[in-house]
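Results of the structural survey
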Amino acid sequence: MPKKLLLLPPLSASSSFRAPRARPVVQSAMNAARTGYRVFSANSTAACTELAKRITERLGAELGKSTVYQETNGETRVEIKESVRGQDVFIIQTIPRDVNTAVMELLIMAYALKTACARNIIGVIPYFPYSKQSKMRKRGSIVCKLLASMLAKAGLTHIITMDLHQKEIQGFFSFPVDNLRASPFLLQYIQEEIPNYRNAVIVAKSPDAAKRAQSYAERLRLGLAVIHGEAQCTELDMDDGRHSPPMVRNATVHPGLELPLMMAKEKPPITVVGDVGGRIAIIVDDIIDDVEGFVAAAEILKERGAYKIYVMATHGILSADAPLLIEESSIDEVVVTNTVPHEVQKLQCPKIKTVDISLILSEAIRRIHNGESMAYLFRNITVDD
């Protein structure tokens, strides 16, 4: 017996039948999570998280939830308290006096975020540690290159830093490095906070710092002076690999091998190239750590007639008894940025002033996350800045 076909009536416009809906809400939430970003602080001390708080306030974001602490045996432990899967994560790490602990905190947090499936891990390191150890010294090592390799191995994919001690350090990394400049903020401080700055002269405390000083002088339309002489001790005077191995007594010399005799270096008496008489002297540099060189430069500038002396630097490390030496010296004011925490030093020496650079760091974070060009942050910036 043939089967009867059951014919359904055609659906009218007023029919209540509806096709099942897609679920875009979950998908859009997943897309939002993939394109989001988080900002973490890798410091275990409260004093070092101040810059991270300033940056997140400018971004209108909250600081990521994490725990960084030292165990009783001295080991560093990092715990991430929220999901970062598929997100851009920025780790802000300021370097306190305990440099090695800060480095380990950064490495362990980067590796923790990598294992938590973060999409990109960007380190915001305003002062890059070990940047002075970027050249070979006798039988030493280039520690800065080692640190760059360790950061890449830990999972970092990008770094934002400021005023590297040597610009060539960027070549140590296998991923992008944005080397921001603090010079716009320091130049603004000179123009707004130093009375009668038109009567100032920019001073390089050694010939090595002459290019930076020249850049400042040209922007401010001021004169330039350079201190040169035996009172200065720079990195270039240290023995490097070209002097290795050292001389050995009774050394065997190949017959017929006569190398040209190299004359030993001898610095001339200390001199100031340029007129500072009756002027405000502004000494500029990238790092101020051991202040003996700056104190000696201030003394010679006072002898040559400078009536007020300022010292300006990006990174104010101010180790050991630097605040006491500054307080007792001829220096009238030391101006540094907050790339390195130095609140304790400011309490010891009221001559130390701080310039906030969280604005440019927060803008760099925003631009990198949104895939925007960084060229605006480098406008009118030269290589020598």
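Read on for a plain summary of the structure. (Residues numbered from 1 in each chain as written. Predicted model: local features only at pLDDT ≥ 70, side-chain atom pairs only at ≥ 80, totals over all residues. Heavy atoms only, no water.)

1. Some words on the packing of aromatic side chains
Stated precisely, the cut-off is as follows: Each aromatic pair joins two rings of Phe, Tyr and Trp (for Trp, the six-membered one) with centres within 6.5 Å, and gets the label stacked for planes under 30 degrees apart, edge-to-face for over 60, and tilted for any other angle. Only runs of H or I of at least four residues qualify as helices and only runs of E of at least two qualify as strands under DSSP, and these elements are numbered from the N terminus. Between buried and exposed lies partly exposed: a residue is buried under 20% and exposed over 50% of the maximum accessible area for its type, with that area taken using a 1.4 Å probe on protein chains only.
In total, this model carries three aromatic pairs according to the counting rule given. Seen in terms of ring centroids, Tyr37 and Phe90 are 6.2 Å apart; in terms of plane orientation they differ by 85 degrees. Their pairing is edge-to-face. With Tyr37 in strand β1 (residues 37-41) and Phe90 in strand β4 (residues 88-92), this pair connects stretches of sequence that are 53 residues apart. When its relative accessible area of 0% is taken as the criterion, Phe90 is described as buried. Look at Phe128 and Phe173: their rings are 5.5 Å apart centre to centre, the planes differ by 75 degrees, and that puts the pair in the edge-to-face class. Note that Phe128 is positioned in the loop between β5 (120-125) and α4 (143-154) and Phe173 in the loop between β6 (158-162) and β7 (177-180), a separation of 45 residues in sequence.

2. Overview of the pattern of salt bridges
Keep this limit in mind: For this analysis, a salt bridge means a side-chain nitrogen from Lys or Arg found within 4 Å of a carboxyl oxygen belonging to Asp or Glu.
In the structure shown here, the tally under the stated rule is 11 salt bridges. A salt bridge links Glu372 to Arg367; the shortest N-O distance between them is 3.9 Å. One connected set of salt bridges, linked through shared partners, spans Glu50, Arg54, Arg58 and Asp356.

3. Focus: the packing of helix α5 (residues 183-193) against helix α6 (residues 210-220)
Basically, it comes down to this: Think of each axis as a best-fit line through the C-alpha atoms, taken over the contacting stretch in the case of a helix, with angles from 0 to 180 degrees between the N-to-C directions. When describing relative orientation, an angle under 35 degrees is termed roughly parallel and one over 145 degrees roughly antiparallel, while 65 to 115 degrees is termed roughly perpendicular and anything else oblique. A crossing counts as left-handed when the near helix is turned anticlockwise from the far one by less than a right angle, and as right-handed when that turn is clockwise. Any two residues whose heavy atoms approach within 4.5 Å are treated as being in contact. Each residue receives one of three labels: charged for Asp, Glu, Lys and Arg, nonpolar for Ala, Val, Leu, Ile, Met, Phe, Trp, Tyr, Cys and Pro, and polar for the others, Gly being one of them.
At a closest axis distance of 11 Å, the pairing of α5 and α6 adopts a crossing angle of 50 degrees. It follows that α5 is oblique to α6 by the angle criterion. Considering how the two elements wind past one another, α5 and α6 form a crossing that is right-handed. Taken together, the residues of α6 that come into contact with α5 (itself represented by Ser183, Leu186, Leu187, Ile190 and Gln191) are Tyr216, Arg219 and Leu220. In terms of residue class, the contact of α5 with α6 is made up of five nonpolar, two polar and one charged.

4. Let's talk about the packing of helix α2 (residues 50-59) against helix α10 (residues 358-370)
One can describe the packing of α2 onto α10 by two numbers: an axis separation of 9 Å at closest approach and a directional angle of 60 degrees. The angle between α2 and α10 falls in the class oblique. The two elements α2 and α10 cross, and the hand of that crossing is right-handed. Residues Leu51, Arg54, Ile55, Arg58 and Leu59 of α2 lie in contact with α10, whose contacting residues are Ser358, Leu359, Leu361, Ser362, Ile365 and Arg366.

5. A short note on a negative patch on the surface
Just so we agree on the cut-off: The patches reported here contain residues having more than 30% relative accessible area and no salt bridge. Joining distances are 9 Å for like charges and 5 Å for nonpolar side chains (Val, Leu, Ile, Met, Phe, Trp, Tyr). Throughout, the Shrake-Rupley method with a 1.4 Å probe supplies accessible areas, and for residues the shown protein chains are the sole cover considered. Charge assignment in this entry is limited to Lys and Arg as positive and Asp and Glu as negative, and neither His nor the chain termini are counted. Charge positions come from single atoms, namely NZ of Lys, CZ of Arg, CG of Asp or CD of Glu.
A cluster of acidic residues, Asp290, Glu292, Asp321, Glu327 and Glu328, forms a negative patch on the protein surface. Relative to the assigned elements, Asp290 resides in the loop between β11 (280-288) and α7 (292-303). You can call Asp290 exposed: its relative accessible area is 52%.

6. Side note on the sheet that holds β7
Test applied: Paired strands, as defined in this entry, are two strands with at least two bridges between them according to DSSP.
Taken in spatial order, the five strands line up as β1-β4-β5-β6-β7 in an open sheet, and their pairing is parallel. What marks the edges here is a single partner per strand, and that holds for β1 and β7. Within the sheet, the average angular offset between the axes of one strand and its neighbour, ignoring direction, is 15 degrees. By the bridge criterion, four bridges tie β6 to β7 in an arrangement that is parallel. Residue pairing across strands places Met162 opposite Leu180, the latter belonging to β7. Sitting on the sheet, α10 touches β1, β4, β5, β6 and β7, and the angle it makes with β6 is about 160 degrees.

7. Details of the sheet that holds strand β14 (residues 352-355)
Spatially, β10-β9-β8-β11-β12-β13-β14 is the arrangement adopted by the seven strands of the open sheet, whose pairing is mixed. Looking along the sheet, the strands with just one partner apiece sit at the ends: β10 (271-273) and β14. Looking at each pair of strands side by side, their axes are set apart by 25 degrees on average, direction ignored. Sheet analysis places β11 next to strand β12 (residues 308-316), joined by eight bridges and oriented parallel. Bridging from a neighbouring strand, Ile280 pairs with Lys308 of β12.

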